[in-house]
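Chain by chain, the residues:
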Amino acid sequence: MKTKFMHFLILFAASRVMAGYAPGDSLIVTGSVTINRDTTFKFVRVESGGELTADSAITVTGNMIIQSGGVVTHSTRLLSGLQLNVSGTLEVQAGGLIDLNSKGLRGGNNGSAFGYVGETFDANEEIISAGNGAGFWPGGASYGGQAGNGRQGVANNTYGLLEKAQLLGSGGGGTYDAFNQVGGNGGGRVTIIAGNLILNGTISAIGGNGSCCYGNAGGGGGSGGSIKLQVGHLSGSGFIQALGGSAGSGNGGSGGGGRIAIYYDTMTFLIANISAYGGNVGGKGSAGTIYLKDRAQADGDLIIDNGNVASPLDTPLKAALNTFRSLIIRNRGHLRPMTTDIKSFIVKQPIFLTNAAELLLSAGTVMGVTNSTGFDLDAQSGSSVTLDSGSVLNANALRFNGGTLNTHINLNFPTATDLELSGGGVINILHNTIFNVGSFDTTNIQSGTVNLTLDSRLNIATNTATIGSGVTLIKDGKFKITDSLNTLTIKSGGAVTHSTRLLPGLRLNVGGTLDVQAGGLIDLNSKGLHGGNNGSAFGYVGETFDANEAIISAENGAGFWPAGASYGGQAGNGRQGVANSSYGLLEYPHHLGSGGGGSTSEAFNQVGGNGGGRATIVVKTLLLNGTISAIGGNGSCCYGNAGGGGGSGGSVKLQVSNFQGRVLSKLWAAMRARVMVAREAAAALPSTMTR
Amino acid sequence: MTFLIANISAYGGNVGGNGSAGTIYLKDRAQVNGDLIIDNGSITSSLNTPLKTDLNKLRNLIVRKQGALDITKEIMIENDLSASTGGRIARQ
């Protein structure tokens, strides 16, 4: 290692601390160098093996290059972080590194001022105890994303503003009586102002991992740090990372992602290489925030991407902004705007959710989408949108193409093309909600499930519904306030049903024609009372009704060989279990079927079949070329020769003025059915009947 | 009604201790009384289907295909009573 000073050129070959130089100097780093006073250079190059620790701002009037094997960083827990102001081009070559990993606030037992508890910030950005450490299993640390709790430690809350990205990450919790396992430090902080940035290497502010292990105890993960770039042209194929650290053991909490904010004039850098995932061990962390802003535009783009880390935690929307150009939530990222952070905001372009992403609009928050054409919000591939009661969504066109809508608020789609359910998506119209649609047919409800929950209403302007192939309507609630339709058509591959164990069952009032086409299905199979070990309130014993129609134990489950369940017909006993008695009146079928018995734990909890469901259908004309079916579920098989008991069939009650169908149609109800028909019924009775 | 009655079924389950038939009640609303069908789809069961009803008259009673009806109360049959193909009627 050698050191050489020249006019305009300084070479450091030995470890050294610099105290500042004249503006005309250049710096070439080949060894370990620390700068602790604001310094200006004409040119800087960090070569392989060189490590530049900049604890004060570095200004470069020309270009700065970090070559492969070169590292630029700051000291741990430096609040101001790494500050680079490059008038020319900052080039981080492949293998070059701006390394802020674990350079943030300290983890518990890792230098923290609070012992085994990690460090974080309060609202005034003062360093305080994170409260992440407790006992054997401490929590991770939050910053942009929420950290996972440990089995004992509770993670701190997120902090800072997404558009600022100016704080250190926080420290994960350490253990206090498990041989002092160490929490990971938070990620560090960098602020880069450059004419251009060519990034083929890496800028990384990853939180540290918790240590592992004393028994099953380990430290919590630190949160990702902050990366803020203000550049002219951003190019290259490198990486920008502010990931949360992982917990040391599966009982601890991992860190949340950090914050990345990039302000640019032009950009060809691959956005997929910008990441702020949460940590992926134990209590997994949620995504941090990525904010990208074209400086020529009024508003920026927000990305919430958790890199498929399956965390149940949400990322709060902490911003002083109230308008975004776009919002992308993907790869198990969960965004939850709350009034404590933001009350109202607008997104100008369509919002996309892909790959198990979630958007949860909390009570009191208002989100508007001002996009003028096409869908305003598009939830795809297992993603979901949840609208809490008291939230407001100002958007007029939504698509759920493999995604899910959970709405607790009334929504209106007067134009048919403003709503699309496709790709096996789900619309959950939750309790006491009114859902207004212009039409309900195969043009807009293309495939998937519409779940109309009890006490909710589906108002269809055309008073007509068509259930197409691949569509299931779970109708627990009402069509309009009168709960009636003029026409209901169930096409081949379509199904109408009710939720399991719903006592009122499926009610259809159709003033005109109910057309169940060949392959169409009113499906009440296994929708009745629960079988033993199948959700029964009585454990391995199935459910049935008493004389007052209260749900009681069916007493069908016993030992290895439980019994089936009765309704209209009597079920068979098992070798040990005794079936419940038949119940109800044949002329008034209005019960759910009962659940078969399950076996006891000695027989590995074999499952009794649920009872069949219940339908009450009042219709002027019934065209039944498909199937109405309320079959009881089968018992599971087997542990040795032990299996569950079968559920009883449910009930089908039809009140029809004109009942038509072809020979292929079937009406199944395994135990009891009532059909009230028009006068021509007598002529259809079998000829084998004898007096 | 032109719907084929043979396609209306309420059989018991057919494994182990087989179940008995459920009930199928068809009523032409222009008639006073309706028809009761007990049909177990040829599933052999030692069990009977109890006659649970508040009615005291049926227009027709059909018990067939291993269906077995326990008459547990007095009931009148207005037209036809049929027991065929293994159908059984028992009175308690």
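Caption draft 1: Just the overall build of chain A, in detail. Counting its regular elements, chain A contains 0 helices and 60 strands. Counting only C-alpha atoms, chain A reaches 120 × 60 × 40 Å along its principal axes. Each of the 691 residues in chain A was classed as buried or not, and the buried ones make up 59%. Taking all contacts inside chain A whose residues are at least 6 apart in sequence as the whole, residues at least 24 apart take part in 59%. Working note: accessible area of chain A is about 23800 Å², and carbon and sulfur atoms make up 49% of it.

Caption draft 2: Just the nonpolar core, in detail. Residues and elements named next belong to chain A. With 84 residues, the main nonpolar core has Leu377, Phe435, Leu514 and Ile522 as its most contacted residues. In this structure Leu377 touches Ile351, Leu353, Leu359, Met367, Val385, Ala397, Leu398, Arg399 and Phe400, once residues within four positions along its chain are discounted. Counting 43 residues, the second largest nonpolar core, distinct from the first, contains Val60, Leu90, Leu197 and Leu234.

Caption draft 3: Geometry of the state of the cysteines. Residue and element names in this part refer to chain A. One pass over the full model with this rule turns up 2 disulfides over all chains. Paired through a disulfide, Cys212 and Cys213 show a sulfur-sulfur distance of 1.9 Å. For the disulfide bridge between Cys212 and Cys213, the dihedral angle about the S-S bond is near -95 degrees, and by the sign convention the bridge is left-handed. Given the relative accessible area of 56%, Cys212 is considered exposed. For Cys213, a relative accessible area of 32% puts it in the partly exposed group. The disulfide bridge from Cys637 ends at Cys638, spanning 1.8 Å between sulfur atoms. The chirality of the disulfide connecting Cys637 with Cys638 is left-handed, given an S-S dihedral of about -95 degrees. Should the bonded cysteines of chain A be numbered as they appear in the sequence, the pairing reads 1-2, 3-4.

Caption draft 4: A look at the layout of surface pockets. Taken as a whole, the largest pocket holds about 810 Å³ of empty space. Around the largest pocket, the lining comprises 41 residues; the ones closest to its centre are Gly645 and Gly646 of chain A together with Gly13, Asn14 and Val15 of chain B. Counting only elements with at least two residues in the lining of the largest pocket, the list comes to strand E56 (637-639) and strand E57 (642-643) of chain A. Per-class residue counts for the lining of the largest pocket are 15 nonpolar, 25 polar and 1 charged. Taken as a whole, the second largest pocket encloses approximately 230 Å³ of empty space. If you go around the second largest pocket, you meet 15 residues; those closest to its centre are Ala123, Tyr159, Gly160, Leu161 and Leu167 of chain A. In the lining of the second largest pocket, the residues fall into 7 nonpolar, 3 polar and 5 charged.

Caption draft 5: Representation of the pairing of strand E35 (residues 384-387) of chain A. Residues and elements named next belong to chain A. Burial along E35 is two-sided: the residues Ser384 and Thr386 and Val385 and Leu387 are all buried. Direction of pairing for strand E32 (residues 358-361) relative to E35: parallel, over a ladder of 4 bridges. In the strand pairing of E35, Glu358 is matched with Ser384. Looking at chain direction, E35 and strand E38 (residues 404-407) are connected through 4 bridges and run parallel. Looking across to E38, one finds that Val385 is bridged to Leu405.

Caption draft 6: Molecular detail of the confidence of the model for chain B. Confidence in the prediction for chain B averages 95 pLDDT; 100% of positions are at 70 or higher. Model confidence for the complex: the whole-complex pTM is 0.91, and ipTM, which rates the interface, is 0.94.

Caption draft 7: Summary view of unusual backbone geometry. Residue and element names in this part refer to chain A. For the peptide bond that leads from Cys212 to Cys213, omega is -5 degrees, which places it in the cis range. Structurally, the position occupied by Cys213 is in strand E18 (residues 212-214). In this model, Cys637 is joined to Cys638 through a cis peptide bond whose omega is -10 degrees. Here Cys638 is to be found in strand E56. At Asp455, a residue that is not glycine, the phi angle is positive and equals roughly 75 degrees. When you line up the elements, Asp455 lands in the loop between strand E43 (448-452) and strand E44 (457-460).

Caption draft 8: Main features of the environment of Thr72 of chain B. Residue and element names in this part refer to chain B. Mapped onto the secondary structure, Thr72 falls in the loop between strand E6 (68-71) and strand E7 (76-84). Taking C-alpha positions, Thr72 is 6.4 Å from Arg91, a pair spaced 19 residues apart along the chain. Apart from residues no more than four positions distant in its own chain, Thr72 is found in contact with Leu51 and Gln92. Looking at Thr72, its side chain comes within polar contact range of the main-chain oxygen of Leu51, at 3.0 Å.

What counts, and at which threshold
Residues numbered from 1 in each chain as written. Chains lettered and ligands numbered in written order. Predicted model: local features only at pLDDT ≥ 70, side-chain atom pairs only at ≥ 80, totals over all residues. Heavy atoms only, no water. Helix = DSSP H or I, 4+ residues; strand = E, 2+ residues; numbered from the N terminus. Buried < 20%, exposed > 50% of the residue type's maximum accessible area, 1.4 Å probe, protein only. Contact = heavy atoms within 4.5 Å. Areas by Shrake-Rupley, 256 points an atom, 1.4 Å probe, with all protein chains shown as cover. Core = buried A, V, L, I, M, F, W, Y, C linked by side-chain atoms within 4.5 Å. Disulfide = S-S within 2.5 Å. 1 Å grid on protein atoms, 1.4 Å probe; cavity = no way out; pocket = protein on both sides within 12 Å on 5 of 7 lines; lining within 4 Å. Points joined across faces, edges and corners; volume = space filled by probe spheres on them. Nonpolar A, V, L, I, M, F, W, Y, C, P; charged D, E, K, R; others polar. Pairing = 2+ DSSP bridges. pLDDT = per-residue confidence, 0-100. Polar contact = N/O pair within 3.5 Å; in protein donor to acceptor, adjacent residues only side chain to side chain.

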